[in-house]
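One-letter residues, chain by chain:
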Amino acid sequence: MREISKEEFKKSIIENVKNQYRRTIDEATPQQIFQAVSYAIKDVIIDDWIATQKQFDETGAKKVYYLSMEFLMGRALGNNIINLGAKKAVKEALEELGFDLNAIEDQEPDPALGNGGLGRLAACFLDSLATLGYPAYGCGIRYHYGMFKQKIQDGYQVEVPDEWLKNGYPFELRRPEYATEVKFGGYVKTEWDGERNHFVQEGYQSVLAVPYDMPIVGYGNNVVNTLRIWDAQPIDTFSLSAFDKGDYQKAVEQENLAKNLVEVLYPNDNHYAGKELRLKQQYFFISASLQVALKKFKETNDDIHKLPEKIVFQMNDTHPTVAVAELMRLLLDQEGLNWDEAWGITTKCCAYTNHTIMAEALEKWPIELFSRLLPRVYQIVEEINRRFLIEVQNKYPNNYEKVKKMAIIFDGQVKMAHLAIVAGYSVNGVAKLHTEILKNQELKDFYEMMPEKFNNKTNGITQRRFLLHGNPLLADWITEQIGDEWITDLPHLAKLKVYVDDPKFQQEFMNIKYQNKLRLAKYIKEHNGIDVDPRSIFDVQVKRLHEYKRQLLNILHVMYLYNQLKDNPNMDMVPRTFIFGAKAAAGYQIAKKTIKLINSVADVINNDKSINGKLKVVFIEDYRVSNAELIFAAADVSEQISTASKEASGTGNMKFMLNGALTLGTMDGANVEIVEEVGKENAFIFGLSADEVINYENNGGYNPEEIFNTDQDIRRVLMQLINGYYSPQDPELFRDIYNSLLNTKNSAKADTYFILKDFRSYAEAQRRVEAAYRDENWWARAAMLNTASAGKFSSDRTIEEYVRDIWHLEKIHVDDDDVKAL
Ligand code: 26W
C-alpha cells in the first residue's frame, strides 16, 4: 500500500478549497471542506483507477457486469480513506487544519440508490470484488432522487425528496465519450436482403444514455473497479433521422422522456407496481450497459463467439432481466448472428439471482405495455418462449398444466423470472433455506427440468464498512488481540474464541459495547430528544417496514410488556430500550400505520413516569446506511423475526452478529446459518418453522380467532388497538391493523403472517433474553462468540463462491510500480 503524505494532503485540501470555492481554508464551510477533502482523495484514487483499468486491457481478463437497478452505497469518503490505507494521515492532516474527520464525513449525503437488502448487497459485493482483485463493473441508474428521506411528523412517516446531488457529488466522473442511444417504441420493419431478414426499429423515441463512473476502491491492493450509473439526456434534436426532421412534437416528447426517465428510484421493496416508467428505466440502463460492454469487447476481440470467455452478466433479481433479450437483439440484429449462435452465447453469458419468494414481488409485464415499449425485444421474447415451450412439450407430452405454469408469456403477461431462468445458465438463491424453497416449492417445475442450473450463494456483508468503519473501537480491539488479517479474511475472527471465557476480555468487549451504546444514546438524544439508559438492553429491529418482517409482532409484545408493568409496577425487570428504524413504501398503508403505532406506543410509554424508565421505545428517523453503522455497533439484541420462509436471507442479521449482538429470530433465511455457526444456545430462536408455515398456507391458513378468544393477554393488547388506549383522539386509528390480524368475516385472510400464532413463543424467547442478560458473564461470552463466529458471513466468501461456481474470473494485481509508471 502506498503511503500518503500528510503534508501533501494538507496542501491538496487547501488548493481544492481555493480552486473550487475561491476561499481560504478558514473561510470554508464544513460542506466545502468535505468537498475539498473528497477531491483530494479522488486525486489519489485516480492513479490507481487508471492503473487498474490498464491491467484489465493488458490481461484481457474476464469481467463480471453486475446488473442492478439498485446500489445502496452509503457514504464513500470514510470508506475510501480506509481502503486506501490513509486514515491516519487524513485524520491528522484534518486535525492540524482544525477539523474533525467524523464531522467532515457527516457532511456527505448518503448515496441511497437502493431500497434495502438487495441494493445494499450489491454495494457489499462491489467492495468485495475490488478487495479480492476481481475485474468487475457495477451497472445501474443515476437516479436524481434516491430513496426518500423519512421525516416523522406527529408519529407519521412523511417522505421528503432526497437531493443527494444538490451540492454536486465529488466521487463521480462524467464520461460523455461513452454516451449511447437507447430507443423506445415505434415499430419493427422487416427488410429482406435476398439472404436473410433484417429487423429495423422505426418511428421510435430515443434518449441519450450518459454514464457517470464512481470508483470502487479495494482494500489495500491498489485495485479500483467501477460503478457505472447511467443518466439520461435528450438526444440532440439535430440528430433526429431525416424522416423525423422538423417534428417539433416529437422533439418535445423525447426531451420529456429523458427528463423523467432517471428522475427517481421506485421506493418499493418486495412489491411490484407494474409502472410503465419502471420498465423504461430497466431497458434504459440495460441497453446502454450492454451496448457499451459489447463495444469494449470488440475493441480487443475479433470473434464475438468468444464473448462468454470474457464477459458474464449477473442479473440482480428479475429487474435487469430484459438483458437476456437485449443481448439476443444485439447479437442478431447488430452482429448478424443466427438464432442458434446468438442463443448459445446469451445462455453462456447470463446468470440470475433470486432475492425473494414474496408473490407480490414477481415482475409480470402486460404484453400490451411490453410490446408497445420494446417492439423488437418483445418479438425476441416471443421466440424464446415459443422454442422453450416446444422443449417443455417434448419433456412433458400433453401436459398443458406444465405449459401454463412454466411459459414465459402467458395470460397476457411476460414473466420476467421465467425468462431469467430459461436464459440464465445459473439460478441462485441467497441462503440455504431460501434455495431449498426455490427448488422444492416456488420454482419446482424449473428445478425438475433443469436441476443443474440451481445453486445457493448465501449472502454476506463487507466487514470493511460494518466493522472497520462502523465500529472502530471494536475493530481496533480485535486487531490488538489477533492481528488485522480479519479485515480481508473474516474467518480469522475465530481466533477470538480462546478468549471468550476470560473475564478480562469479556469486560473489555462489553465495555466497547457500552461505549457504542453511549454513542447511539447521544444520537438518539440529538435526533429524538429521548433519554435512553445505556445500561438497558438495546433491542433493535432495523430494516424496511413490511408485514412479513413483523415489526407488528415486536410492538405488540412491547404493549404486552407494558401491560405487565402497569399491573405490577414493582415487577423485577431488566430495563429495555426497544429501537426501531424502518421506511415504509410510500403507498403501503398498513406499513405506514404500523410506524404510527410504534410512535404512539413510544409516546405513551416514554412519558409514563410510573414505570421508572424500565421501558423505552425509540423510532429512529430516516434509517439509512450511515446511521445503520452506529446502530449495529450498539445493539445487544438483533430482532430477525420474519415469518419463517419469507425472508430470503437477510443481511442485517449478519451485521448485528459481527458487532456482537445476539439474534432473537425465527428459523428463516440466513438466521438458520447464523445459528449453525454460533450454536443455538447462543441465540434465541422461536416460532413456526418454514415447513409449518408452508403447511398452513397450503391448507388455507389458520384461525387467529381461537387465540384471540382464549389468550387473555393477547386479547387485551388487541383491544388496545381499537379502544383508543394509544390513540385517545381517534380510537379507530388502528382498526385496520386490528383487522389485518383478526377474521372480520374472512378468516382465511386474517393474520397471514402468523403474528398471533407466534406471539407466545416470541414472548417466551424474550423472557429467555432477559434471563440471559442478567448473567453478565454468560452474555459477554455469547456476544463475543457471535463476533468470533461471523467469519462465514463476509461478502468476500460469497464473492469467492460466485467466482468459483458461476463467474470463473481471474484475479488481477496492481503493483505500486504499475501506479508509479503512469
Ligand atoms: C419490483 C419491486 C421489487 C423491489 C425490490 C421487488 C423485489 C425487490 C427486492 C428483491 C427486495 C429485496 O431487497 N430483497 C432482499 O434481498 C436481500 C439480499 O439478497 C435479502 O437478504 C432479503 O432477505 C430480501 O428480502
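As the structure is a computational prediction, the values presented were derived from the model and not from experiment.

### Regarding the sheet that holds strand β23 (residues 684-685)
Taken in spatial order, the 6 strands line up as β20-β19-β18-β21-β22-β23 in an open sheet, and their pairing is parallel. Since the sheet does not close on itself, it has two edges, and those belong to β20 (615-619) and β23, each with one partner. Taken together, the 4 bridges between strand β21 (residues 637-640) and strand β22 (residues 662-665) define a ladder with parallel strand orientation. Directly across from Q640, in β22, lies its bridge partner G665. Packing of helix α21 (residues 551-567) onto the sheet brings it into contact with β18 (537-542), β19 (576-581), β20 and β21, and relative to β19 it is tilted by some 155°.

### A short note on the packing of helix α1 (residues 6-21) against helix α2 (residues 30-59)
Where α1 contacts α2, the axes come no closer than 8 Å and their chain directions differ by 120°. By the angle between their directions, the pair α1 and α2 is classed as oblique. Considering the relative orientation of α1 and α2, their crossing is right-handed. Only Q32, I33, Q35, A36, V37, Y39, A40, I41 and D43 of α2 make contact with α1, whose side of the interface consists of F9, S12, I13, N16, V17, Q20 and Y21. A class-by-class count of the residues in the contact of α1 with α2 yields 10 nonpolar, 5 polar and 1 charged.

### Observations regarding the site of the ligand
The ligand sits among 23 residues. The nearest are L118, H355, N459, E647 and G650. In this structure, L118 approaches the ligand through a main-chain N or O atom, which is 2.9 Å from an oxygen atom. The separation between an oxygen atom of the ligand and a polar side-chain atom of N459 is 2.8 Å. In isolation the ligand offers 570 Å² of accessible surface; the protein chains occlude 97% of this area. Per element, the largest residue contribution to the shell around the ligand is 3 residues, and it comes from helix α6 (residues 117-132). Residue classes in the shell around the ligand are distributed as 7 nonpolar, 11 polar and 5 charged. When residues of the shell around the ligand are assigned to domains, at least three fall in each of domain 1 (60-74 + 110-459 + 804-820) and domain 2 (463-688 + 753-793).

### Details of helix α19 (residues 472-482)
Since the α-helix packs 3.6 residues into each turn, any two residues three or four apart lie on the same face. Those residues of α19 lying buried are L474, A475, W477, I478, Q481 and I482. Seen from one end, α19 has its buried residues packed into an arc of 165°, which puts them on one side. For α19, exposure combined with an orientation more than 90 degrees from the buried face picks out D476 and E480. Contact partners of the buried residues in α19: α18 (463-469), α20 (503-528), α24 (652-658) and α31 (776-788).

### Quick look at the domain arrangement of the protein chain
Segmenting the protein chain into domains produces domain 1 (60-74 + 110-459 + 804-820) and domain 2 (463-688 + 753-793). Domain 1 and domain 2 are separated by 35 Å when their C-alpha centres are compared. The interface is formed by 42 residues belonging to domain 1 together with 43 residues belonging to domain 2. For the domain 1 and domain 2 pair, buried surface summed over both sides reaches about 3300 Å², with 55% attributable to carbon and sulfur atoms. Run the count over domain 1 and domain 2 and you get 6 salt bridges. When the shortest N-O distance is used, the salt bridge between D622 and K149 registers 3.0 Å. Here domain 1 and domain 2 share 20 residue pairs in polar contact (both at pLDDT 80 or more) between them. Tallied by class, residues from the side of domain 1 that touches domain 2 come to 16 nonpolar, 16 polar and 10 charged.

### A short note on helix α23 (residues 625-634)
Of all the 10 residues making up α23, 10 are buried; the element is thus mostly covered by neighbouring parts of the structure. Those residues of α23 that sit buried are V625, S626, N627, A628, E629, L630, I631, F632, A633 and A634. In this structure, the buried residues of α23 make contact with α6, α18, α20, β18 and α24.

### A few points about the pairing of strand β9 (residues 205-217)
Where a strand is regular, its side chains alternate between the two sheet faces. Along β9, 11 of the 13 residues are buried, which leaves the element largely enclosed by surrounding structure. In terms of strand pairing, strand β5 (residues 173-174) meets β9 through 2 bridges, oriented antiparallel. The partner of L173 across the bridge, within β9, is D213. As judged from the 5 bridges shared by strand β6 (residues 180-184) and β9, these two strands associate in the antiparallel manner. Across the sheet, the residue bridging to E181 is L208, located in β9. By the bridge criterion, 11 bridges tie β9 to strand β10 (residues 224-234) in an arrangement that is antiparallel. Within β10, the position partnered with V207 by the bridge is P234. Where β9 folds back onto β10 in an antiparallel hairpin, the turn is made up of 6 residues, including G220, whose phi is positive at roughly 60°.

### So, the UniProt feature "modified residue: N6-(pyridoxal phosphate)lysine" (unreviewed entry) in the protein chain
When the UniProt feature table is mapped onto this chain, "modified residue: N6-(pyridoxal phosphate)lysine" (unreviewed entry) is found at K655. Residue placement: K655 occurs in helix α24. Residue class for K655 comes out buried when judged on its relative accessible area of 6%. With residues near it in sequence (within four places) discarded, K655 still touches R120, I461, F466 and F632.

### Some details on the pairing of strand β1 (residues 63-67)
With respect to burial, β1 is a largely interior element, 5 of its 5 residues being buried. Side chains of β1 alternate between two faces, with K63, Y65 and L67 and V64 and Y66 buried alike. Pairing analysis gives 5 bridges linking β1 to strand β11 (residues 311-316), with the strands arranged parallel. Counted as the bridge partner of V64 is V312 from β11. Both β1 and strand β2 (residues 136-141) contribute to a ladder of 4 bridges, which runs parallel. Across the sheet, the residue bridging to Y66 is G138, located in β2.

### Points about unusual backbone geometry
Of note, D154 is a non-glycine position whose phi angle comes to about 55°, a positive value. By the secondary structure assignment, D154 is in the loop between β3 (149-153) and β4 (156-160). What makes D154 exposed here is its relative accessible area of 63%. Phi at N612 takes a positive value of approximately 55°, unusual for a residue other than glycine. Position of N612 among the secondary structure elements: in the loop between α22 (589-606) and β20. Assessed through its relative accessible area of 62%, N612 is described here as exposed.

Cut-offs used in this document
- Throughout this description, residue numbers start from 1 for each chain and increase along the sequence as written.
- Local features in a predicted model are, by the rule used here, given only for residues with pLDDT of at least 70; side-chain atom pairs are given and counted only at 80 or more, and totals for whole chains, interfaces and linings are based on all residues.
- Note: side-chain values were computed over all heavy atoms of the structure, leaving out hydrogens and water.
- Note on pairing: DSSP must find at least two bridges between two strands before they are called paired.
- Helix and strand labels come from DSSP, where a helix needs a run of H or I of at least four residues and a strand needs a run of E of at least two; each type is numbered from the N terminus.
- Contact definition: two residues touch when any of their heavy atoms are within 4.5 Å.
- Axis definition: a line fitted to C-alpha atoms, over the contacting stretch in the case of helices. Angles run 0 to 180 degrees between N-to-C directions.
- Working rule for angles: under 35 degrees goes down as roughly parallel, over 145 as roughly antiparallel, 65 to 115 as roughly perpendicular, anything else as oblique.
- Crossing handedness follows the turn of the near helix against the far one: under a right angle anticlockwise gives a left-handed crossing, and clockwise gives a right-handed one.
- Amino acids outside the nonpolar list (Ala, Val, Leu, Ile, Met, Phe, Trp, Tyr, Cys, Pro) and the charged list (Asp, Glu, Lys, Arg) are all regarded as polar, and Gly is one of them.
- For this description, a residue counts as near a given molecule or strand if any of its non-hydrogen atoms is within 4 Å of it.
- Identification of polar contacts relies on pairs of N or O atoms within 3.5 Å, with a donor-acceptor requirement for protein atoms, meaning one able to donate a hydrogen and the other able to accept it, and with residues adjacent in sequence counted only if both atoms are side-chain atoms.
- Accessibility throughout is a Shrake-Rupley quantity obtained with a 1.4 Å probe, and a residue counts as covered only by protein chains that appear here.
- What counts as a domain boundary in this text is fixed by an automatic or database domain assignment.
- Residue exposure (1.4 Å probe, protein chains only): buried if accessible area is under 20% of the type maximum, exposed if over 50%, otherwise partly exposed.
- The arc in question is traced by the directions running from the helix axis to the C-beta atoms.
- Buried area is calculated as the accessible area (1.4 Å probe) missing from two parts once they are joined, with the contributions of both summed.
- Whenever Lys or Arg places a side-chain nitrogen within 4 Å of a carboxyl oxygen from Asp or Glu, that contact is recorded as a salt bridge.
- UniProt positions are given in the numbering used here, feature names are shortened, and annotations may be inferred rather than shown by experiment.

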